[in-house]
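Given next are the chains, with one letter for each unit.
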Amino acid sequence: LIIILNVALPLLYFALVWTYGKSFFRDLPWAKRIKSALLLVVLATHVIFLVARPVSFSHPPVTSIPEILSMLAFSVSATYSVIERRSRAKETGYFILNIAFFFQLFSSVFIRDLLVVPEILKSFWFGLHVTDALLGYASITISAVYGLLYLMLYHEIKAHQFGVIYKKLPNLETLEKMNFIAITLAFIFLSVAIIAGVIWLPMAFPGHSYVDPKLIGTIVIWMMYGIGIITKLRGLVRGRSLMVLSICAFAVAAFSM
């Protein structure tokens, strides 16, 4: 089952991206009609894959780089699905799901079955910490994509160049709403990841130090998003400033990773 799903997942993600692309660029009615349902099918298949691996190998499916890439692919797709349903805007899926496709493709090509892993990597807290961190980074990536799309659309409008971006993308207000949903999800997931990491770290490494570059980097990103949420809710920042914050936070996250 794991072998079959490992081969099937990149093919399903390719079909998903192709369908969203046909909907965005060609306005094909059948693509618009089935794309959200196909996304749910891909997510359900990916869940089965992510459950089957720990059942078979007795460790969370995040103990190697290929496993982490697969979890990232799922995280990006699942986060996008939440944003799509909350905002009811389905035009940006092609840009987001391409990221998930390439993550899963690299994962399926290079993944290996680890029969023996260190005992500390079998911890529930480790699995919770890494899973939520990856969900947080997926939300960060999506918020940055929406930030870039917002700025592209803003400059098209300002320059009076009404091309495919203007015609196909949601309006600026909707993109800002989708960006804010992604920022909020990132903040929630990173909060859980930080708490789980603080609990797991002393269990795994006696004599540990919390002055760790990775932990500090995550807290800096968490604080950036917290400031962004507070200032947005209080009306102190919006529009381009919020988009720039999203892109800067993504740059810090990429450096941290």
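Sequence positions are assigned chain by chain, starting from 1 and proceeding in written order. In view of the model being predicted, local features appear only for residues whose pLDDT reaches at least 70, and side-chain atom pairs are presented and counted only at 80 or more, with totals across whole chains, interfaces and linings using the full set of residues. Side-chain descriptors were evaluated using all non-hydrogen atoms of the structure, hydrogens and water having been removed beforehand.

Regarding the confidence of the model for the chain
Detailed reading of the predicted coordinates is not advisable wherever pLDDT falls low.
Right, on to step 1. Chain-level statistics for the chain give a pLDDT mean of 88 and a share of 98% at 70 or above.
Right, on to step 2. The weakest mean pLDDT in the chain belongs to helix α6 (residues 164-168) at 71; the strongest belongs to helix α1 (residues 2-26) at 95. Note: pLDDT gives the predictor's confidence per residue, expressed from 0 to 100. Only runs of H or I of at least four residues qualify as helices and only runs of E of at least two qualify as strands under DSSP, and these elements are numbered from the N terminus.

Describing the packing of aromatic side chains
In this description, an aromatic ring pair is defined by two values, namely the gap between the centres and the angle between the planes.
Right, on to step 1. Whether two aromatic rings pair depends on their centres lying within 6.5 Å, for rings of Phe, Tyr and Trp, where Trp uses its six-membered ring; planes under 30 degrees apart make the pair stacked, over 60 edge-to-face, and the rest tilted. Tallying each qualifying case throughout the model produces twelve aromatic pairs.
Right, on to step 2. Between F25 and Y94, the aromatic rings sit 5.2 Å apart at their centres with planes inclined by 85 degrees, giving edge-to-face as the arrangement. Here Y94 lies in helix α4 (residues 93-110) and F25 lies in helix α1, a separation of 69 residues in the sequence.
Right, on to step 3. The exposure class of Y94 is partly exposed, given its relative accessible area of 24%.
Right, on to step 4. Taken together, a centroid distance of 5.7 Å and an interplanar angle of 80 degrees make the contact between Y94 and F95 edge-to-face.
Right, on to step 5. An aromatic cluster of at least three residues, connected via ring pairs, comprises F24, F25, Y94 and F95.
Right, on to step 6. Cation placement over rings: the criterion is NZ of Lys or CZ of Arg within 6 Å of the ring centroid and within 35° of the ring normal. Its guanidinium or amino end placed over the ring of F180, K232 lies 5.9 Å from that ring's centre, counting from NZ or CZ. Only protein chains enter the accessibility calculation, which uses a 1.4 Å probe; a residue whose area is less than 20% of its type maximum is buried, one above 50% is exposed, and one in between is partly exposed.

Things to note about helix α3 (residues 65-87)
Right, on to step 1. Take the residue count of a helix, subtract one, and multiply by 1.5 Å to get its expected span. Taking 1.5 Å per residue as the helical rise, α3 with its 23 residues ought to reach 33 Å, and the 32 Å between its terminal C-alpha atoms agrees with that figure.
Right, on to step 2. For α3, the tally of buried residues reaches 18 of 23 residues, placing the bulk of the element in the interior.
Right, on to step 3. Of the residues trailing α3, R88 is marked for its positive phi of about 60 degrees.

Topic: the environment of G136
Right, on to step 1. Mapped onto the elements of the fold, G136 is located in helix α5 (residues 124-158).
Right, on to step 2. A residue is classified by how much of its surface remains accessible, and G136, at 0% relative accessible area, is buried.
Right, on to step 3. Discounting chain neighbours no more than four positions away, the residues touching G136 are A186, F189 and L190. Pairs of residues are marked as contacts when any of their non-hydrogen atoms sit within 4.5 Å.

Observations regarding a nonpolar patch on the surface
Right, on to step 1. A cluster of nonpolar side chains, namely F102, L105, F106, V109 and F110, defines an oily patch on the protein surface of about 470 Å² accessible area.
Right, on to step 2. Mapping F106 onto the fold places it in helix α4.
Right, on to step 3. The exposure class of F106 is partly exposed, given its relative accessible area of 46%. Without a salt bridge and with relative accessible area above 30%, a residue can belong to a patch; like charges are then joined within 9 Å and nonpolar side chains (Val, Leu, Ile, Met, Phe, Trp, Tyr) within 5 Å. Every accessible area reported is derived by Shrake-Rupley at a probe size of 1.4 Å, with residue values counting cover from the shown protein chains alone. A side-chain nitrogen of Lys or Arg and a carboxyl oxygen of Asp or Glu constitute a salt bridge if their distance falls within 4 Å.

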